[in-house]
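What follows is the residue order along each chain.
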Amino acid sequence: DAGVTQSPTHLIKTRGQQVTLRCSPKSGHDTVSWYQQALGQGPQFIFQYYEEEERQRGNFPDRFSGHQFPNYSSELNVNALLLGDSALYLCASSLGRDSRYFGPGTRLTVL
Amino acid sequence: GQQVMQIPQYQHVQEGEDFTTYCNSSTTLSNIQWYKQRPGGHPVFLIQLVKSGEVKKQKRLTFQFGEAKKNSSLHITATQTTDVGTYFCADTSGTYKYIFGTGTRLKVLA
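Bear in mind that the values here come from a model prediction, so they are computed numbers and not experimental data. Sequence order as written defines the numbering, with residues in each chain counted from 1. In the order they appear in the text, chains get letters beginning with A and ligands get numbers beginning with 1. Reporting of local features is limited, given that this is a predicted model, to residues whose pLDDT is at least 70; pairs of side-chain atoms are given and counted only at 80 or more, and all residues count toward the totals for whole chains, interfaces and linings. Computation of side-chain values covers all heavy atoms of the structure but excludes hydrogens and water.

A short note on the overall build of chain B
Helix and strand counts for chain B stand at 0 helices and 11 strands. Here a helix means four or more residues in a row that DSSP labels H or I, a strand means two or more in a row labelled E, and each is numbered from the N terminus. Element order for chain B, N to C, with α for helix and β for strand: β-β-β-β-β-β-β-β-β-β-β. Note on method: radius of gyration uses C-alpha positions; expected globular size equals 2.2 Å times residues raised to 0.38. Its C-alpha atoms give chain B a radius of gyration of 13 Å, near enough to 13 Å, the size a compact globule of 110 residues would have. Throughout this description, buried means an accessible area under 20% of the type-specific maximum (1.4 Å probe, protein chains only), exposed means over 50%, and partly exposed covers the range between. In chain B, buried positions account for 45% of the 110 residues. Surface exposure here means Shrake-Rupley accessible area, sampled with a 1.4 Å probe, where a residue is shielded only by the protein chains that are shown. As displayed, chain B offers around 5,400 Å² of accessible surface, 50% of which is attributable to carbon and sulfur atoms. Counting rule applied: Lys, Arg positive; Asp, Glu negative; His and chain ends not counted. Throughout, a charge is located at the NZ atom of Lys, the CZ atom of Arg, the CG atom of Asp or the CD atom of Glu. Averaging the locations of the 12 positively and 7 negatively charged side chains of chain B gives two centres separated by 7 Å.

As structure tokens, this is what we get:
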């Protein structure tokens, strides 16, 4: 039984570029939440997807957008990258609202 | 807005010593979860506390939820090098998002 998977593991981009990160939830889970974790800080909630719709959003600009597919996998898109977007991006999945299962994350570096 | 603070920010202990991290919220919590994140890793769920004054134990780890449900603690007895990492509490009250604390980074010296 695979857990939460994310791709890619690492990514390097330059300012102004766009990036897409991917997440496959744990088998049987239908809800995906995305978090940003800057170095030395706790994860910050970006948004949650359920039934292919954004259910709740944290305090992130519209440059951050997402999508959930019929198979429950999800993408996080970030446009017009800033240096401050450099972080570990975590995906958490759940069946229902208890999103306690985190994936290994994607380390994004913006130069 | 709501804040979840943890103290201390860092803690270095000798192997075999005890360790405690405290989590304090500016608002009353419905539930709280604790996570451990190893260096270079991702948060791993440890436990959830729901009831006022609740105490739960997992081997050498003891978790407490305050009577007023505004604070919580994690205590590790006789630390081992495998306990190294950052411990986060997370407010999981009400809505779909989790609000993570600032974390306590534990280093265990052999």
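Back to the write-up after that little detour.
A look at the sheet that holds strand E7 (residues 61–65) of chain B
Working definition: the strands of a sheet are paired by backbone hydrogen bonds and lie parallel or antiparallel to each other. Residues and elements named next belong to chain B. Think of it this way: DSSP has to see at least two bridges between two strands before they count as a pair. Spatial ordering of the open sheet is given by E1-E3-E8-E7-E6, a layout of 5 strands whose pairing is antiparallel. Strand pairing shows two members of the sheet lacking a second neighbour, strand E1 (4–7) and strand E6 (55–58), which therefore form its edges. When the angles between neighbouring strand axes are averaged without regard to direction, this sheet yields 15°. Of the strand pairs in this sheet, E1 and strand E3 (residues 19–25) are connected by 4 bridges, and their pairing is antiparallel. Paired with Val 4 across the bridge in E3 is Ser 25. Working convention: axes come from line fits to C-alpha atoms, limited for helices to the stretch in contact. Angles between N-to-C directions cover 0 to 180 degrees.

Focus on the side chain of Glu 75 of chain A
All names here are of chain A. Mapped onto the secondary structure, Glu 75 falls in strand E8 (residues 74–78). For Glu 75, a relative accessible area of 18% translates into the label buried. Polar side-chain contacts of Glu 75 include one of 3.4 Å to the side chain of Arg 22. When neighbours within four sequence positions are excluded, Glu 75 is seen to be in contact with Thr 20, Leu 21, Arg 22, Trp 34, Ser 65, Gly 66, His 67 and Phe 69. Within 3.5 Å is the distance limit for a polar contact, defined as a pair of N or O atoms, with the added protein rule that one can donate a hydrogen and the other accept it, and that residues adjacent in sequence qualify only through two side-chain atoms. In what follows, residue pairs with any heavy atoms lying within 4.5 Å of each other are defined as contacts.

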